[in-house]
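Structural overview for review
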Amino acid sequence: MIERIWSGRSPLWLLLWPLSLLYGAITTLIRFSYQRGWRKSWRAPLPVVVVGNLTAGGNGKTPVVIWLVEALQQRGLRAGVVSRGYGGKAEQYPLLVTAQTSTEQAGDEPVLIAQRTGAPVAVAPKRRLAIEALLKQGPLDVIVTDDGLQHYALQRDREIVVVDGDRRFGNGWWLPAGPMRERADRLRQVDAIVVNGGEAQPGEIAMQLQPGLATHLLTGETRPADQLHPVVAMAGIGHPPRFFTTLKQQGLTPVAEIAFADHHAYSQDELARLTQAGQQLLMTEKDAVKCRHFAQPNWWYLPVDASLKGEAVAPLLADIEQLCRSGQPEH
């Protein structure tokens, strides 16, 4: 239903329109208050790159964070990652993510980023505290923030916005009548626009999610996804249909497709009931980080990597590298 409302296919968005105007007025005032200096923002002692989005829901932001961190690491740069840790609840913040940190504490995305990149990751609702915690652990060249485009309490040197190429901006309205956290004209002020799927427009960077081999949660065994059958597919991400479409593109037709809410907290019994004897359960890597400690012998996940193409990719990375080599954030 929410997809129909946000896309404009359902007239119910008109009922929510007054609330959207209120949301837009509040968010605009907050941003304006930082721009005018009425509210103080914090400048980190090293460059900060924000990877965020304008819309609610899964746009592929976390794969872009992983891609960026790995690209910077390949250039010999030390990147740290900070996140709000949505879906997690730690006893205290900031929380440094370690091999022992659970998704219940940090949220699924910070744990996934730490596992995939090996970069230091810290979680805190106030990202300044997360950055300060990382810097106490050792020197870094750059901070990459997972989300936080609208977190204007933290100054930033570069902004990368990830856009869902199929859904774009729906009806274009602020939450809750539409999917927008900020209006689309905000794109004129960012440094790069990455479009996940669909068709990139001039000036945008095209991105595709490239699936890897299906990986067994318990043993780490890998095999092509189309060799798993029969398969029940499940996804608890911002836009589950993207995962199911990816499986079909890999030549796999699941006997069932089950969508959960983003950041859903799974239980062993809940997932065990999804399959019958002889069936394999195939999930996203983001789901797998939450399920590995109670995984069953028939559970697999499909990792994906962001592939960015276009003439603007190399200049973007070169610009960020130069910013890091200078050793100082811009003012």
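Below, the structure is looked at part by part. Counting restarts for each chain, with residues numbered from 1 along the sequence as it is written. Totals for whole chains, interfaces and linings use all residues, but because this is a predicted model, local features are given only for residues with pLDDT of at least 70 and pairs of side-chain atoms are given and counted only at 80 or more. Working from all heavy atoms in the structure, the side-chain values ignore hydrogens and water.

1. What to know about the packing of helix α3 (residues 61–74) against helix α5 (residues 108–117)
Two elements in contact, α3 and α5, have axes whose closest approach is 10 Å; the angle formed by their N-to-C orientations is 30 degrees. It follows from the interaxial angle that α3 and α5 lie roughly parallel. Crossing handedness for the pair α3 and α5: right-handed. Here α3 contributes K61, T62, V65, I66, V69, E70 and Q73 to the contact with α5, which in turn contributes E109, L112, I113, R116 and T117. Note on definitions: angles span 0 to 180 degrees between N-to-C directions of axes, and those axes are lines fitted to C-alpha atoms, for helices only across the stretch in contact. The secondary structure listing takes helices from DSSP runs of H or I that are at least 4 residues long and strands from runs of E that are at least 2 residues long, numbered from the N terminus. Note on angle classes: values under 35 degrees are labelled roughly parallel, values over 145 roughly antiparallel, values of 65 to 115 roughly perpendicular, and the remainder oblique. Handedness of a crossing follows from how the near helix is turned relative to the far one, being left-handed for an anticlockwise turn of less than a right angle and right-handed for a clockwise one. In this description, contact between two residues means that some pair of their heavy atoms is separated by no more than 4.5 Å.

2. Digging into unusual backbone geometry
Between Y93 and P94 the backbone carries a cis peptide bond, its omega angle lying at 0 degrees. Of note, P94 is situated in the loop between β2 (79–83) and β3 (95–96). The omega angle of the peptide bond from L175 to P176 is 0 degrees, so this bond is cis rather than trans. In this fold, P176 is placed in the loop between β6 (158–164) and β7 (192–196). Of note in the backbone geometry, R168 takes a positive phi value of approximately 50 degrees without being a glycine. Remark: exposure states derive from per-residue accessible area (1.4 Å probe, protein chains only) relative to the maximum for the residue type, with buried under 20%, exposed over 50%, and partly exposed in between. Residue R168 is classed as buried on the basis of its relative accessible area, which comes to 19%. Despite not being glycine, H263 has its phi angle at roughly 65 degrees, a positive value.

3. What about the packing of α3 against helix α10 (residues 313–326)?
Running from N to C, α3 and α10 point in directions that differ by 65 degrees, and their axes come no closer than 11 Å. Regarding α3 and α10, the two cross each other, and that crossing is right-handed. Packed against α3, whose contacting residues are W67, L68, A71 and L72, the element α10 presents V313, L317 and I320 at the interface. In terms of residue class, the contact of α3 with α10 is made up of seven nonpolar, no polar and no charged. We call Asp, Glu, Lys and Arg charged. Ala, Val, Leu, Ile, Met, Phe, Trp, Tyr, Cys and Pro are nonpolar, and the rest, Gly among them, are polar.

4. Here we look at the packing of aromatic side chains
By convention, a stacked pair of Phe, Tyr or Trp rings (six-membered ring in the case of Trp) has centres within 6.5 Å and planes under 30 degrees apart, an edge-to-face pair has planes over 60 apart, and any other such pair is tilted. Inspection of every chain in the model, using the stated rule, returns six aromatic pairs. Ring centres 5.8 Å apart and planes at 85 degrees place the aromatic pair W17 and W173 in the edge-to-face group. One end of the pair, W17, is in helix α2 (residues 13–35); the other, W173, is in the loop between β6 and β7, and 156 residues separate them in sequence. For W17, a relative accessible area of 35% corresponds to the partly exposed category. Owing to a relative accessible area of 19%, W173 belongs among the buried residues under this scheme. Seen from their ring centres, W173 and W174 are 6.1 Å apart, and the 65 degrees between their planes marks the pair as edge-to-face. Neither W173 nor W174 differs from the other in exposure class; each is buried. Taken together through their ring pairs, the aromatic side chains of W17, W173 and W174 make up a single cluster. Whether a charge sits over a ring depends on NZ of Lys or CZ of Arg being within 6 Å of the ring centre and within 35 degrees of the ring normal. Sitting over the ring of W173, R183 keeps its end group 4.7 Å from the ring centre.

5. Describing the layout of surface pockets
For the largest pocket, the calculated volume is near 1,000 Å³. The distinction between a cavity and a pocket rests on a 1 Å grid over the protein atoms alone: a 1.4 Å probe fits inside a cavity but cannot get out, while a pocket stays open yet meets protein on both sides within 12 Å along at least five of seven lines, and a residue with an atom within 4 Å of a point counts as lining. If you trace the largest pocket, you find 45 residues lining it, with G58, K61, E109, D262 and K286 closest to the centre. Contributions of two or more residues to the lining of the largest pocket are made by α1 (2–7), α3, α5, α7 (240–249) and α9 (285–291). With four residues, the top contributor of residues to the lining of the largest pocket is α3. Looking at side-chain class alone, the lining of the largest pocket contains 15 nonpolar, 16 polar and 14 charged residues. Grid points are joined across faces, edges and corners, and a volume is the space filled by probe spheres set on the points.

6. So, the sheet that holds β3
For two strands to count as paired, DSSP must find a minimum of two bridges between them. Across the sheet, which stays open at both edges, the nine strands sit in the order β3-β4-β2-β5-β1-β6-β7-β8-β15 with mixed pairing between neighbours. The open sheet is flanked by β3 and β15 (304–309), the only strands paired with a single partner. Across the sheet, helix α6 (residues 127–137) is in contact with β1 (48–52), β2, β3, β4 (121–123) and β5 (142–146); its angle to β2 comes to roughly 150 degrees.

7. Side note on α3
To estimate the expected span of a helix, subtract one from its residue number and multiply by 1.5 Å. With 14 residues, α3 should reach 20 Å at 1.5 Å per residue; the first-to-last C-alpha distance of 20 Å fits that figure. Within α3, 11 of the 14 residues are buried, leaving the element largely enclosed by the surrounding structure. Considered for burial, the residues of α3 that qualify are K61, T62, P63, V64, V65, I66, W67, L68, V69, A71 and L72. Positive backbone phi, at 80 degrees, marks G76, one or two positions downstream of α3.

8. Points about the pattern of salt bridges
For this analysis, a salt bridge means a side-chain nitrogen from Lys or Arg found within 4 Å of a carboxyl oxygen belonging to Asp or Glu. Counted according to the given criterion, the structure contains 21 salt bridges. E159 is the salt-bridge partner of R156, the closest N and O atoms lying 2.7 Å from each other. By the burial criterion, R156 is buried, and E159 matches it. A salt bridge links R186 to E182, with the shortest nitrogen-to-oxygen separation between them at 3.4 Å. Neither residue differs from the other here; R186 and E182 are each classed as buried. Each of the salt bridges in this network shares a partner with another, and the network as a whole consists of R156, E159, E182 and R186.

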